[in-house]
Amino acid sequence: MLRTHTCNELGIEHIGKSAVLTGWIETVRDHGGVLFVDLRDHYGITQIVFSDDSMLKGITKETVVLVEGEVTKRDEDTVNPKLATGLVELRAARIEVLGPCQLGLPFEIDASTLTREEVRLKYRYLDLRNRKIHDNIVLRSRILSYLRRQMEDLGFMEIQTPILTASSPEGARDYLVPSRKHKGKFYALPQAPQPFKQLLMASGFDRYFQIAPCFRDEDARQDRSPGEFYQLDFEMSFATQEDVFEVAETVIYNTFKEFTRKEVSKPPFRRITFADAMMKYGSDKPDLRNPLIIEDLTDFFAGVDFPLFKGKPVRGIVADCAGKSKKFFEESLKFAMSIGMKGLGYLTLNGGEYKGPIAKFLSEEQKAELTALVGIKEGETLFFICDAPAVVNRLAGEIRTWLGRELDIIRRDSYEFCFIVDFPMYELNEETNKIDFTHNPFSMPQGGMDALLNKDPLEIFAYQYDIVCNGVELSSGAVRNHNPEIMKKAFEIAGYGEEDVKAKFGALYTAFSYGAPPHAGMAPGVDRMIMLIAEEETIRDVIAFPLNGNAQDLMMGAPGEVTEQQLREVHIKVRD
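All figures in this text were calculated on a predicted structure; none of them were measured in a lab.

Caption draft 1: Region of the structure containing the sheet that holds strand β23 (residues 472–479). If you trace the eight strands from one edge of the open sheet to the other, you get β6-β9-β10-β24-β23-β22-β19-β12, paired in mixed fashion. This sheet does not close on itself; its edge strands, each paired only once, are β6 (157–158) and β12 (270–273). Where β23 lies against strand β24 (residues 519–522), three bridges are found, and the strand directions are antiparallel. Counterpart to Val 479 in the pairing with β24 is Ala 520. Helix α4 (residues 194–202) rests against β9 (207–216), β10 (227–237) and β24 of the sheet, and its axis sits at about 20 degrees to β10.

Here is the structure:
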């Protein structure tokens, strides 16, 4: 090695010894003829002292250098307790430039996170030198290694599945790859390893996992990177829903406990039905750190002579707004209007009496009934949300989130996990008025064939489930439908014949006809887990080389143009 030590190794025990360090020049400070340099590498920072300023002539920040010298103790007033090497410094006797920094920096490295994202991503290799972002990628590596060890300890075997595969209707747009050898035909990048992991179960493998890349041509969000993402994909033969939950709880709980100091909800995680999640939290991704609960007041207002709420679903949220000014309530109305509500009614219990425009429509008996129903206390406010059945829960959820944030009652020091269970198997497509699958079409319906034959499709639940943490969906999964006859009937209800199933999912359907075990699994999102653990606002800050929000790689220039010859080889002609 060119160096004898890294930039976080030198300590009191090295005083008086010679050392050779390598790294980037992070800062240069001139103290009247003596120059102090912070030398940075992957591991940390060491202070270098130059008594001869000519040694640094022509050398700029971010130049890569080799420095040789003697390790000495720092003066008492220059000790830096924030650094692992803060008790010592290296007095330079020799410096050698290994990699000159010849261009002006587009931004200061230590301020890169304050720079516009398009500039950061264009010079991502510089952004990654920022200690915060650099540490995120180190954290990512450690978490991936930890996840693998846990899965192996639980008896899972890592198996890689193909990247070039066939296009399939899985909900998002495929990334297509034209074939050179087969004119007019295309591969697709996998949206998930879904068919392959199920085929592995049909092949007799008992427990599979991989850190799987998934490719979807969909728009970016704070918690979703366009293009590609990674998930801890796992599948188990002869397994029930609870078996999958036990594995997920063990691995996720251990991972969060290992890499964060915050409180982590202990297994078993709460099980919340989809219906309850939508009613009580207004979302199938509830943030349980927010203590506010939504109440269903529809039946109550059916007996109240208040025209605006007549014949419509009504939701209520009790919040402690004591001491809040008139402006707070004006802002609550402004927010409600911004999300499509026509208004936001509320009542405040003050001095044992309800204050607010709706109070005059309530009898004393109704006021007492309402108090008992929602448990409102002196000084608290009851907000009302009333709208069409299709949107009222979502709107109530957004008001709940706004109140939690504005009242500062969301617990920031914890990770609150839950499983969302009992998703509807089917839903009614409002545009076509036909039955569609709600979730994964390969999920086993609860009740099996009997439910498909004898129940209203809109009342059938599936063995589908999500893991949610702090309002972020970390994972989805299901007990799979491994029976060809049940699968055929399930697709028939959604308007697909057997030939459609064979054409779109031929390998899976045929494999199940040769005897397949019951199997189940899920796929926690690795990027989202790391984003939560690193306490980052955007998923791009925990990915080494992410695309921007417009699905572009500004550093490499992708997507980019290719030559006419390349297009001809894959039988492609670009239309105007």
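What follows picks up the thread again.
Caption draft 2: Region of the structure containing the packing of helix α8 (residues 326–338) against helix α10 (residues 392–406). At a minimum axis distance of 11 Å, the contact between α8 and α10 shows a crossing angle of 145 degrees. Between α8 and α10 lies a crossing whose hand is right-handed. Residues Phe 328, Glu 331, Ser 332, Phe 335 and Ala 336 of α8 pack against Glu 398, Ile 399, Trp 402, Leu 403 and Glu 406 of α10.

Caption draft 3: Geometry of the side chain of Arg 120. Relative to the elements of secondary structure, Arg 120 occurs in helix α1 (residues 117–122). For Arg 120, a relative accessible area of 8% translates into the label buried. Beyond its immediate chain neighbours, meaning those up to four positions away, Arg 120 contacts Phe 107, Ser 112, Thr 113, Thr 115, Asp 127, Ile 133 and Asp 541.

Caption draft 4: The layout of surface pockets, seen in detail. Here the second largest pocket is characterised by a volume of approximately 890 Å³. Lining the second largest pocket are 26 residues, with Asp 287, Arg 289, Asn 470, Gly 471 and Val 472 sitting closest to its centre. Secondary structure elements with two or more residues in the lining of the second largest pocket: α10 and α14 (526–534).

Caption draft 5: Just the pairing of β24, in detail. Alternating positions in β24 separate into two faces, His 519 and Gly 521 on one and Ala 520 and Met 522 on the other, with burial throughout. Across four bridges, β10 lies against β24 in antiparallel orientation. Considered in β24, the bridge of Ser 237 is made with His 519.

Caption draft 6: Summary view of the packing of helix α3 (residues 131–153) against helix α5 (residues 241–259). As a packed pair, α3 and α5 sit with axes 10 Å apart at the nearest point and diverge in direction by 145 degrees. The two elements α3 and α5 cross, and the hand of that crossing is right-handed. For the pair formed by α3 and α5, the contact residues are Leu 139, Arg 142, Ile 143, Tyr 146, Leu 147, Gln 150 and Met 151 on the first element and Val 247, Thr 250, Val 251, Asn 254, Thr 255, Glu 258 and Phe 259 on the second. In terms of residue class, the contact of α3 with α5 is made up of eight nonpolar, four polar and two charged.

Caption draft 7: The pairing of strand β19 (residues 417–421), seen in detail. Most of β19 is tucked away: five of the five residues are buried. Of the two faces of β19, the one carrying Phe 417, Phe 419 and Val 421 and the one carrying Cys 418 and Ile 420 are both buried. Examined bridge by bridge, β12 and β19 share four bridges and lie parallel to one another. Paired with Arg 270 across the bridge in β19 is Cys 418. Pairing between β19 and strand β22 (residues 464–469): five bridges, direction antiparallel. Considered in β22, the bridge of Phe 419 is made with Ile 467.

Caption draft 8: Region of interest: empty space enclosed by the protein. As enumerated under the stated definition, the model contains three cavities of 30 Å³ or more in all. By volume, the largest cavity amounts to about 50 Å³. Taken together, Leu 121, Arg 124, Phe 545, Pro 546, Asp 553, Leu 554 and Met 555 make up the full set of residues lining the largest cavity. Residue composition of the lining of the largest cavity, grouped by class: five nonpolar, no polar and two charged.

What counts, and at which threshold
- Residues numbered from 1 in each chain as written.
- Predicted model: local features only at pLDDT ≥ 70, side-chain atom pairs only at ≥ 80, totals over all residues.
- Heavy atoms only, no water.
- Pairing = 2+ DSSP bridges.
- Helix = DSSP H or I, 4+ residues; strand = E, 2+ residues; numbered from the N terminus.
- Contact = heavy atoms within 4.5 Å.
- Axes fitted to C-alpha atoms, helices over the stretch in contact; angles between N-to-C directions.
- Left-handed = near helix turned anticlockwise from the far one by under 90°.
- Buried < 20%, exposed > 50% of the residue type's maximum accessible area, 1.4 Å probe, protein only.
- 1 Å grid on protein atoms, 1.4 Å probe; cavity = no way out; pocket = protein on both sides within 12 Å on 5 of 7 lines; lining within 4 Å.
- Points joined across faces, edges and corners; volume = space filled by probe spheres on them.
- Nonpolar A, V, L, I, M, F, W, Y, C, P; charged D, E, K, R; others polar.

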